[in-house]
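Listed below are the residues making up each chain.
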Amino acid sequence: MARSGTTYAEWMRLALAEAQLCDAAEDVPVGAVVVDAAGELLARGHNVRQAEGDPTGHAELVALRRAAEVMGEWRLSGCTLVVTLEPCTMCAGALVLARVARLVYGADDPKAGAVGSLWDVVRDRRLNHRPEVVRGVLADESTELLRTFFQARRDVR
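Now for a look at the structure at hand. Computed from a predicted model, the values in this text were never measured in an experiment. The residue numbers shown here count from 1 along each chain, following its written sequence. Where local features are concerned, this predicted model is filtered to residues with pLDDT of at least 70; where side-chain atom pairs are given and counted, the filter is 80 or more; whole-chain, interface and lining totals use all residues. Side-chain numbers come from the whole structure's heavy atoms, not from hydrogens or water.

Taken together, the five strands give an open sheet; going across it, the order is β2-β1-β3-β4-β5, and neighbouring strands pair in mixed fashion. What marks the edges here is a single partner per strand, and that holds for β2 (41-46) and β5 (132-135). For this sheet, the mean inter-axis angle between neighbouring strands, taken without regard to orientation, is 15 degrees. Note on definitions: a residue-residue contact is assigned when non-hydrogen atoms from the two residues lie within 4.5 Å. For helices, the fitted axis covers only the stretch in contact; all axes are lines through C-alpha atoms, and the angles between them, taken along N-to-C directions, range from 0 to 180 degrees. Each helix is a run of H or I in the DSSP string that is no shorter than four residues. Each strand is a run of E no shorter than two, and both are numbered from the N terminus. Taken strand by strand, helix α3 (residues 59-71) contacts β1 (31-35), β2 and β3 (80-85), and its axis lies near 150 degrees from that of β2. At least two bridges found by DSSP between two strands are what make those strands a pair.

Attention shifts here to unusual backbone geometry. In the Ramachandran plot, R99 falls in the positive-phi region, its phi being about 65 degrees despite a non-glycine side chain. Tracing the backbone shows R99 in the loop between α4 (89-97) and β4 (102-107). With relative accessibility at 23%, the residue R99 sits in the partly exposed group. Phi at L138 is positive, roughly 50 degrees, even though this residue is not glycine. Mapping L138 onto the fold places it in the loop between β5 and α5 (139-156). For each residue, the accessible area found with a 1.4 Å probe, counting protein chains only, is set against the maximum for its type, and the residue is called buried under 20%, exposed over 50%, and partly exposed in between.

Looking at the element boundaries, L61 is found in helix α3. Sequence separation of L61 and N47 is 14 residues, and the distance between their C-alpha atoms is 8.9 Å. Setting aside chain neighbours within four positions, we find L61 in contact with T56, M90, C91 and A94.

It is worth spelling out the packing of α3 against α4 at this point. Contact pair α3 / α4: the axes reach a minimum separation of 9 Å and the direction vectors enclose 25 degrees. Viewed along their axes, α3 and α4 adopt a mutual orientation that is roughly parallel. The element α3 and its partner α4 pack so that their crossing is left-handed. Here E60, L61 and L64 of α3 come into contact with α4, specifically with M90, C91, A94 and L95. Here the residues of the contact of α3 with α4 sort into six nonpolar, no polar and one charged. Should an angle lie under 35 degrees it is considered roughly parallel, over 145 roughly antiparallel, and from 65 to 115 roughly perpendicular; all remaining angles are considered oblique. The hand of a helix crossing depends on one turn: near helix anticlockwise from the far one by less than a right angle means left-handed, and clockwise means right-handed. Put simply, Ala, Val, Leu, Ile, Met, Phe, Trp, Tyr, Cys and Pro go in the nonpolar bin, Asp, Glu, Lys and Arg in the charged bin, and everything else, Gly too, in the polar bin.

Take the environment of D108 next. Checked against the element boundaries, D108 lands in the loop between β4 and β5. Residues D108 and R135, spaced 27 residues apart in sequence, show a C-alpha to C-alpha distance of 7.9 Å. With near-sequence residues (within four places) excluded, D108 lies in contact with L85, E86, S117 and R135. We call two N or O atoms a polar contact when they sit within 3.5 Å, provided that within protein one can donate a hydrogen and the other can accept it, with sequence-adjacent residues counted only if both atoms are side-chain atoms. In this structure the side chain of D108 is engaged in a polar contact, spanning 3.0 Å, whose partner is the side chain of Y105.

Written as structure tokens, this is what we have:
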């Protein structure tokens, strides 16, 4: 159970709704939310890499940037990042550097995941911050969203 009576599943549903905002034809449907230590929603983000031509336009980075704006600083101490897909190395590094307290994610990413699947950036003892990790929250829903997206792309070809 998350703070303020909100469950991780409820936060993940917000992230899944955010993922639905991705440009259906281009951006991989990944959504993220950042919640503060009191359990209040700070920011949302979804993939905009294709839509904005931004190589850093991953859902996690969009949400982290917005959360930092709301908080007025780059340190997101006490915050939880909830994302539908296991973060890549760039996003895992960013959440470590932002001092995010907890990462909650849905689907594993065996091809690019940096939270245990391919690498494990967030638990690297050489780094000065290691967030708590909660994996597999609404994993089936997150996986199905991605499966549907990639199946549609294969069907078009």
